[in-house]
Amino acid sequence: MATLTIAAAQFAPVDDPAVNLETVRAAAAEAAARGADLLVTPEYTSYFTAEIDDRFVAAAQPLDGPFVSGLRDVARATGIALVVGVAESADTPDRFRNTLVAVLPSGELAVTYRKVHLYDAFGSRESDRIEPGDPGQLPVFELDGVRVGLETCYDLRFPEVTRRLAAAESGAADVVVLPAEWVRGPGKEHHWRTLLTARAIENTVWVVGVGQTPPVGIGASVVLDPSGVAVASAGATPGTLVATIDTAVTDAVRQVNPSLSLRRYDVALRGRSGGAAQR
């Protein structure tokens, strides 16, 4: 059995990485003071404008650039881990990567995740500027005996993403954290909360959704236990919520509802001949 206290900081990043880094620094200091072991911030924390255009490409940085280097300093200074959304430089000049970085308290990069499902929906076209991540990624890292899985925003609408993280034969996630920029619109708050809850229930796994706040995002960050019950939630204003993940709760839920062990289907990577199914 293990526990992990997670802080979710929701805010609206701006188009200045230096300003956003200071926002993360303040959130990390608050999270540490409140006993958190891990701070999670929204998608596009390093840089954001309402339009995904050439400005994102110009603002993107490599993982050894000043923004991620600053995150590593913040982790070391506060003694907590971080999961932060960044605009990462890509291999092609007109593209960038929508990336999550997980930084350990030592400042070491534990794992990175590049968003697989790009947001080509509801009138948006992320694929015009973003280089998609490899669908074979299985981004899980361990912190204080708890395995943390990563996915990003639109990935939430594809249930197999969470299933792969929760049911991996090696290093299955105890909690899935999902930084997002969930765009406001009719019914979008309902979609967000419903899908997050479904991912928790169907996988009997803890889920932490962390959103950008208005004017573009909806906020609505939430921590859900493996039965889909919200143990902490936020509205639309900037702020930080804190909750403790307890794997004993997971074990208790799975005693009653062993859905992962009873499932009859595996998840396989689409379009990869000869690839083994991901259990």
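**Here's the deal with the nonpolar core**
With 28 residues, the main nonpolar core has Leu38, Phe141, Leu150 and Val175 as its most contacted residues. Once residues lying within four places of it in the same chain are set aside, the contact partners of Leu38 are Leu4, Thr5, Ile6, Ala7, Ile80, Ala81, Leu82, Val83, Leu143 and Val148. Of all hydrophobic cores here, the second largest spans 22 residues; its members include Phe67, Ile80, Val84 and Val103.

**Let's talk about the sheet that holds strand E4 (residues 96–103)**
Reading across the sheet, the six strands line up as E5-E4-E3-E2-E1-E12 and stay open at both edges, with mixed pairing between neighbours. Strands at the two margins of the open sheet, each flanked by one partner only, are strand E5 (109–114) and strand E12 (239–246). Here the average twist between neighbouring strands, direction ignored, is 25 degrees. Note: strand E1 (residues 3–10) against E12, eight bridges, orientation antiparallel. Of the residues in E12, the one forming a bridge with Ala7 is Val242.

**Overview of the sheet that holds strand E6 (residues 140–143)**
Read across the open sheet, the six strands follow the order E6-E7-E8-E9-E10-E11; overall the sheet is mixed. One side of each edge strand has no neighbouring strand; the edge strands of this open sheet are E6 and strand E11 (230–233). Taking each pair of neighbouring strands and ignoring which way they run, the sheet shows an average axis angle of 20 degrees. Summarising the sheet, strand E7 (residues 146–150) and strand E8 (residues 175–180) pair through three bridges and their orientation is parallel. What sits directly across from Val148, in E8, is Val175.

**So, the packing of aromatic side chains**
Taken as a whole and judged by the stated rule, the model has nine aromatic pairs. Ring geometry for Tyr154 versus Phe158: centroids 5.3 Å apart, planes at 85 degrees, classification edge-to-face. Among the residues examined, Tyr154 registers a relative accessible area of 13% and is labelled buried. Classification of Phe158 by relative accessible area gives partly exposed; the value is 22%. Ring centres 5.2 Å apart and planes at 50 degrees place the aromatic pair Trp182 and Trp192 in the tilted group. Of the two residues, Trp182 sits in the loop between E8 and helix H5 (188–203) while Trp192 sits in helix H5, which places them ten residues apart along the sequence. Grouping residues by exposure puts Trp182 and Trp192 together as buried. Following the ring pairs from residue to residue traces out a cluster consisting of Tyr44, Tyr47, Phe48, Phe56 and Phe96.

**Quick look at the pairing of E4**
Judged by how many residues are buried, E4 sits mostly within the fold: eight of eight residues are covered. Pairing analysis gives eight bridges linking strand E3 (residues 81–89) to E4, with the strands arranged antiparallel. Bridging across to E4, Val84 finds its partner in Val101. Pairing geometry for E4 and E5, over five bridges, is antiparallel. By the bridge assignment for E5, Val101 is matched with Thr112. The turn joining E4 and E5, which pair antiparallel and follow one another in sequence, is formed by five residues; a positive phi near 95 degrees is taken by Gly107.

**Some words on the packing of helix H4 (residues 159–167) against H5**
The interhelical angle for the contact between H4 and H5, taken along N-to-C directions, is 40 degrees, at an axis separation of 10 Å. Viewed along their axes, H4 and H5 adopt a mutual orientation that is oblique. Here H4 and H5 pass one another in a crossing that is right-handed. Every residue of H5 that contacts H4 at Pro159, Thr162, Arg163 and Ala166 is listed here: Arg199, Glu202 and Asn203. When the residues that make up the contact of H4 with H5 are grouped by side-chain class, the tally is two nonpolar, two polar and three charged.

**Description of the confidence of the model for the protein chain**
Averaged over all residues, the pLDDT of the protein chain is 95; the fraction at 70 or higher stands at 97%. Mean pLDDT per element in the protein chain: helix H7 (residues 259–262) is the minimum at 94, and strand E2 (residues 38–40) is the maximum at 99. Note on residues 273–279: pLDDT is under 50 here. Beyond four places in sequence and across chains, it has twelve contacts.

**Focus on the environment of Thr250**
Within the secondary structure layout, Thr250 lies in helix H6 (residues 247–256). Residue classification places Thr250 among the buried positions, given a relative accessible area of 4%. Separated by 198 residues in the primary sequence, Thr250 and Ile52 have C-alpha atoms spaced 38 Å apart. A polar contact is formed between the side chain of Thr250 and the side chain of Trp206, at a distance of 3.1 Å.

Definitions and cut-offs
- Residues numbered from 1 in each chain as written.
- Predicted model: local features only at pLDDT ≥ 70, side-chain atom pairs only at ≥ 80, totals over all residues.
- Heavy atoms only, no water.
- Core = buried A, V, L, I, M, F, W, Y, C linked by side-chain atoms within 4.5 Å.
- Buried < 20%, exposed > 50% of the residue type's maximum accessible area, 1.4 Å probe, protein only.
- Contact = heavy atoms within 4.5 Å.
- Pairing = 2+ DSSP bridges.
- Helix = DSSP H or I, 4+ residues; strand = E, 2+ residues; numbered from the N terminus.
- Axes fitted to C-alpha atoms, helices over the stretch in contact; angles between N-to-C directions.
- Phe/Tyr/Trp six-rings, centres within 6.5 Å; stacked < 30°, edge-to-face > 60°.
- Parallel < 35°, antiparallel > 145°, perpendicular 65-115°, else oblique.
- Left-handed = near helix turned anticlockwise from the far one by under 90°.
- Nonpolar A, V, L, I, M, F, W, Y, C, P; charged D, E, K, R; others polar.
- pLDDT = per-residue confidence, 0-100.
- Polar contact = N/O pair within 3.5 Å; in protein donor to acceptor, adjacent residues only side chain to side chain.

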